[in-house]
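Take a look at the letters that make up each chain.
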Amino acid sequence: MKTITLKTPSMEGRIHIGADVIEMRLPTLRAGQKNFVVTDSNVYALYSAWFEKYFSNAEIFVLPAGEEYKNFTSLQSILIKMTGAGMHRTSRVFAVGGGVVGDIAGLAASLFMRGVSCVQIPTTLLAQVDSSVGGKTAVDLCGVKNVVGAFYQPCEVLVSPDFLKTLPAREIKCGLGEIVKYAALNAEIFDKLESNIDKLADLDFLASLTELCIRHKAQVVEGDEKENGERKSLNVGHTTGHAIELESGLSHGEGVLYGMRIETKIAIAQGVCNRKYGESLLALIDKALAVAPQSMPDFSQIGQAAEKARADKKNADDGKIRMAVAQDKGAWTSLALPFEEYKNCLIEYAK
Ligand code: NAD
Ligand code: GLY
């Protein structure tokens, strides 16, 4: 087991990575207080024996699987069940699942009695390399992604590669969305991906990248927990990605891959991304999309996705659409375009 410490003003959290993390940490973490577990219907069905083994005395809330349940109604149901089950300030919430479970359970933990301890146990590649770390918690509202949330750090994150064995190929592709994002920000991750381009569906290879992604994220979050500066880099591809996700119904990681592809093309055309480097990043993105190939989404209505980008959290009051984009190997920058120009770029570069 490897351990990374993530220290912010509110918490000194620990991220444990390895096949032995559950045995090494879970018995201690669940001892001595009431425990409340949030998971989703797929994870609960796949891992019923695991839940029986580790959480037979805990309250378990099973959320229907899917982004559409990352909403206020589900949040309220979780909080009602926590109250009814007699959870206290000393109780602990365990989020066992992908990014949807992690985001909503983390938000519930931040709200219940103004904050109870939270442990993240991510079970998707995307959640392991990214969403379980860094304390962003949220639900979607009125068709806007993650618009209601809190920065609330988990006390521990247990990252076990064993959970990845049951992931369908499409979810591996989604995890690659965030891994390629880290490649766009970190030269070491970029080189590893590029030199192992035929291993993008190889779980052992991907698990070997988890620690690098988490170390990168932990360092960024330690320096800028509330996203006033460097943390904005972690949104590479996400402005357009979120808009595509909402408009097309693609998963988050797929939206990020398409978003990065379009935004990288925009950045090259605007002269802010080195063309040669940008093209090698585009090649990585295409390889990731090919891990679980599907027909290309219908981008004929991409202008509607531009409308969704208007509500993005990163925008200011000047009407411009803000994006974090790749600049060169290991370097990013921000790009703000007037809405009409952004919309025209989407129509041009979604092809
Ligand atoms: P998800 O949570 O919907 O999980 C994807 C699918 O995989 C679901 O159907 C789930 O039931 C299933 N699943 C989970 N674990 C499994 C396993 N071990 N085996 C088989 N199936 C399994 O989606 P995700 O891709 O994990 O996360 C996306 C969410 O994360 C989005 O809501 C996104 O906004 C959020 N996110 C948050 C952050 C953050 O910093 N908080 C960062 C990135 C993404
Ligand atoms: N996934 C973006 C962040 O955690 O900041």
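Numbering of residues starts from 1 in each chain and follows the order in which that chain's sequence is written. Labels are handed out in written order, letters beginning with A for the chains and numbers beginning with 1 for the ligands. Reporting of local features is limited, given that this is a predicted model, to residues whose pLDDT is at least 70; pairs of side-chain atoms are given and counted only at 80 or more, and all residues count toward the totals for whole chains, interfaces and linings. To get the side-chain values, all heavy atoms of the structure are used, and hydrogens and water are removed first.

**Student:** What is the right way to read the overall build of the chain from this model?
**Tutor:** Helix numbering and strand numbering both begin at the N terminus, where a helix is a DSSP run of H or I of at least 4 residues and a strand a DSSP run of E of at least 2. The helix and strand inventory of the chain stands at 14 helices and eleven strands. A radius of gyration in this sense is built from C-alpha atoms; the matching globule rule multiplies 2.2 Å by the number of residues raised to 0.38. Relative to the globule expectation of 20 Å for 351 residues, the C-alpha radius of gyration of the chain, 19 Å, shows essentially globular dimensions. Considering only C-alpha atoms, the chain reaches an extent of 55 × 40 × 40 Å along its principal axes. Considering the chain as a whole, with its 351 residues, one finds that 56% of them fall into the buried category. For this analysis, residues touch if any pair of their heavy atoms sits within 4.5 Å. Residue pairs at least 24 apart in sequence account for 73% of intrachain contacts in the chain once pairs closer than 6 positions are excluded. None of His or the chain ends enter the tally, which takes Lys and Arg as positive and Asp and Glu as negative. Lysine's charge is taken at NZ, arginine's at CZ, aspartate's at CG and glutamate's at CD. Each charge sign in the chain was given a centre, from 39 positive and 42 negative side chains, and these centres are 3 Å apart. Accessibility here uses a 1.4 Å probe with only protein chains present; expressed as a share of the type maximum, an area under 20% marks a residue as buried, one over 50% as exposed, and anything in between as partly exposed.

**Student:** Honestly, the sheet that holds strand β1 (residues 2-8) in this entry has me stumped. Any pointers?
**Tutor:** Pairing between sheet strands relies on hydrogen bonds along the backbone, with the strands arranged either parallel or antiparallel. Across the sheet, seven strands lie side by side as β1-β2-β9-β6-β5-β3-β4; this open sheet has mixed pairing. With partners counted over all chains shown, the strands left at the sheet margins are β1 and β4 (59-63), one partner each. Across the sheet, the mean angle separating the axes of adjacent strands is 15° when strand polarity is ignored. In this sheet, strand β2 (residues 11-17) lies alongside β1 in antiparallel orientation, the contact comprising seven bridges. Strands are treated as partners if at least two bridges between them are detected by DSSP. Note on geometry: axes are lines fitted to C-alpha atoms, helical ones only across the stretch in contact, with angles between N-to-C directions running from 0 to 180 degrees.

**Student:** I would appreciate a short explanation of the site of ligand 2 in the present structure.
**Tutor:** The nearness test applies per residue and asks whether one of its heavy atoms lies within 4 Å of the molecule or strand. Asp130, Lys136, Lys181, Lys217, Glu227, Arg231, Leu234 and Asn235 make up every residue found near ligand 2. Within the side chain of lysine 217, a nitrogen or oxygen atom sits 2.7 Å from an oxygen atom of ligand 2. The definition of a polar contact used here is a pair of N or O atoms within 3.5 Å, where within protein one atom must be able to donate a hydrogen and the other to accept one, and adjacent residues in sequence count solely through side-chain atom pairs. Here an oxygen atom of ligand 2 and a side-chain polar atom of arginine 231 are 2.7 Å apart. Taken by itself ligand 2 offers 200 Å² of open surface, and the protein chains cover 90% of this. In terms of residue class, the shell around ligand 2 is built from one nonpolar, one polar and six charged. Note that accessible areas follow from Shrake-Rupley with a 1.4 Å probe, and for residues the cover is restricted to the protein chains shown. Classification convention: Asp, Glu, Lys, Arg as charged; Ala, Val, Leu, Ile, Met, Phe, Trp, Tyr, Cys, Pro as nonpolar; all other residues, Gly among them, as polar.

**Student:** Help me understand the side chain of glutamate 178, please; the structure alone is not making it clear to me.
**Tutor:** Topologically, glutamate 178 is positioned in helix α7 (residues 169-185). Assessed through its relative accessible area of 1%, glutamate 178 is described here as buried. Side chain to side chain, glutamate 178 and histidine 238 meet in a polar contact 3.1 Å long. With sequence-adjacent residues up to four places away left out, glutamate 178 is seen in contact with Leu126, Val129, Asp130, His238, His252 and Val256.

**Student:** Could you clarify how one ought to interpret the pattern of salt bridges in this entry?
**Tutor:** Pairing is possible between side chains that carry opposite charge, provided their charged atoms lie close to one another. A pair is scored as a salt bridge if a Lys or Arg side-chain nitrogen falls within 4 Å of a carboxyl oxygen belonging to Asp or Glu. Taken as a whole and judged by the stated rule, the model has 24 salt bridges. Of the charged contacts in the structure, one is a salt bridge between glutamate 67 and lysine 70, with a shortest N-O distance of 3.8 Å. By relative accessible area, lysine 70 is classed as buried at 3%. Linking aspartate 191 and lysine 329 is a salt bridge whose minimum nitrogen-to-oxygen distance equals 2.6 Å. On the criterion of sequence distance, the pair formed by aspartate 191 in helix α8 (residues 187-195) and lysine 329 in the loop between β10 (320-328) and β11 (331-338) is long-range, its members being 138 residues apart. Of the residues examined, lysine 329 reaches a relative accessible area of 39% and is grouped as partly exposed. Each of the salt bridges in this network shares a partner with another, and the network as a whole consists of Glu67, Lys70, Asp103, Lys145 and Glu245.

**Student:** I would appreciate a short explanation of the packing of helix α4 (residues 72-84) against helix α5 (residues 99-111) in the present structure.
**Tutor:** Axis angle and axis distance: for two packed helices, these are the angle between their axes and the distance between the axes, and together they describe the pair. Contact geometry for α4 and α5: axes closest at 10 Å, N-to-C directions at 50°. Compared by their axis directions, α4 and α5 come out oblique. The handedness of the crossing between α4 and α5 comes out as right-handed. For the pair α4 and α5, the contacting residues are Ser74, Leu75, Ile78, Leu79 and Met82 in the first and Ile104, Leu107, Ala108 and Leu111 in the second. In terms of residue class, the contact of α4 with α5 is built from eight nonpolar, one polar and no charged. An angle counts as roughly parallel when it lies under 35 degrees, as roughly antiparallel when it exceeds 145, as roughly perpendicular when it falls between 65 and 115, and as oblique in every other case. Handedness of a helix crossing follows the sense of rotation of the near helix relative to the far helix, less than a right angle counterclockwise being left-handed and clockwise being right-handed.

**Student:** What should I look at first to understand helix α10 (residues 238-248) in this one?
**Tutor:** In an α-helix, one turn spans 3.6 residues; hence positions three or four apart end up facing the same way. Burial analysis of α10 places eight of its eleven residues in the buried class, which makes it a mostly covered element. For α10, every residue scored as buried is listed here: His238, Thr239, Thr240, Gly241, His242, Ala243, Ile244 and Glu245. Tucked into the core, α10 has its buried residues touching β8 (144-151), α7, α11 (252-269), α13 (302-309), β10 and α14 (339-349). Within two residues after α10, glycine 249 carries a phi angle of roughly 80°, on the positive side.

**Student:** Hey, could you run me through a nonpolar patch on the surface in this one?
**Tutor:** Residues with no salt bridge and a relative accessible area higher than 30% make up the patches, which join like charges within 9 Å and nonpolar side chains (Val, Leu, Ile, Met, Phe, Trp, Tyr) within 5 Å. A cluster of nonpolar side chains, namely Phe72, Leu141 and Val147, defines an oily patch on the protein surface of about 230 Å² accessible area. Position of valine 147 among the secondary structure elements: in strand β8. Given a relative accessible area of 38%, valine 147 falls into the partly exposed group.

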